[in-house]
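Next come the chains, spelled out residue by residue.
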Amino acid sequence: MLAREAANGRLWLYRGTGTGSWLPRVLLGTGWNALTAVMSPGDLNGDRTPDVLARDSAGVLWLYPGNGAGKWLPRVRAGTGWNIMNAIF
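To keep things clear, this report deals only with the structure shown in the data block. (Residues numbered from 1 in each chain as written. Predicted model: local features only at pLDDT ≥ 70, side-chain atom pairs only at ≥ 80, totals over all residues. Heavy atoms only, no water.)

1. Remarks on the sheet that holds strand E5 (residues 51-56)
- A sheet is described by the order of its strands in space; here four strands give the open sequence E4-E5-E6-E7, paired in antiparallel fashion. Every other strand in the sheet has two partners, leaving strand E4 (35-42) and strand E7 (76-79) as the edge strands with one partner each. Strand-to-strand, the axes of this sheet are offset by a mean angle of 30°, without reference to chain direction.
- Alignment of strand E6 (residues 61-64) against E7, held across three bridges, turns out to be antiparallel. Counterpart to Trp-62 in the pairing with E7 is Arg-77. (Pairing = 2+ DSSP bridges. Helix = DSSP H or I, 4+ residues; strand = E, 2+ residues; numbered from the N terminus. Axes fitted to C-alpha atoms, helices over the stretch in contact; angles between N-to-C directions.)

2. Overview of the nonpolar core
- Counting nine residues, the largest nonpolar core is built from Leu-11, Leu-28, Trp-32, Leu-35, Val-52, Ala-54, Val-60, Trp-62 and Tyr-64.
- At the level of secondary structure, the elements contributing two or more residues to this core comprise E5 and E6.
- Those residues in contact with Val-60, other than ones at most four positions away along the chain, are Ala-54, Arg-55, Arg-77, Gly-79 and Thr-80. (Core = buried A, V, L, I, M, F, W, Y, C linked by side-chain atoms within 4.5 Å. Buried < 20%, exposed > 50% of the residue type's maximum accessible area, 1.4 Å probe, protein only. Contact = heavy atoms within 4.5 Å.)

3. Description of the packing of aromatic side chains
- Under the defined criterion, the tally for this structure stands at four aromatic pairs.
- Between Trp-32 and Tyr-64, the aromatic rings sit 5.0 Å apart at their centres with planes inclined by 55°, giving tilted as the arrangement. Pair noted here: Trp-32 is in the loop between strand E3 (26-29) and E4 and Tyr-64 is in strand E6, with a separation of 32 residues, a long-range link. Both residues of the pair, Trp-32 and Tyr-64, count as buried.
- Taking 6.5 Å as the distance between ring centres and 75° as the angle between the ring planes, the aromatic pair formed by Tyr-64 and Trp-72 counts as edge-to-face.
- Judged by relative accessible area, Trp-72 falls into the partly exposed class, the value being 21%.
- Counting every residue linked through ring pairs, the aromatic cluster contains Trp-32, Tyr-64 and Trp-72.
- Of note, Arg-25 hangs over the ring of Trp-12, and the distance from its end group to the ring centre comes to 3.6 Å. (Phe/Tyr/Trp six-rings, centres within 6.5 Å; stacked < 30°, edge-to-face > 60°. Lys NZ or Arg CZ within 6 Å of the ring centre and 35° of its normal.)

Here's what the structure looks like:
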């Protein structure tokens, strides 16, 4: 599960243990409060690693491809006009 702190934009990864509890959280990055929506829909680019989608205030949807080591490859513009949506999941 991903969680973003509203005040400072820290993005945290909460990994499950598989038995109903959580491992210690891992800081993935900062500055994510500049984005209006952040979600992890799974593997979108077919490389078998989880990716992240994020929408900026101009409505641009960005794909952050996972690198398999808890970080991302360079982001890729995935679309525009997403600021008319009130929810993306």
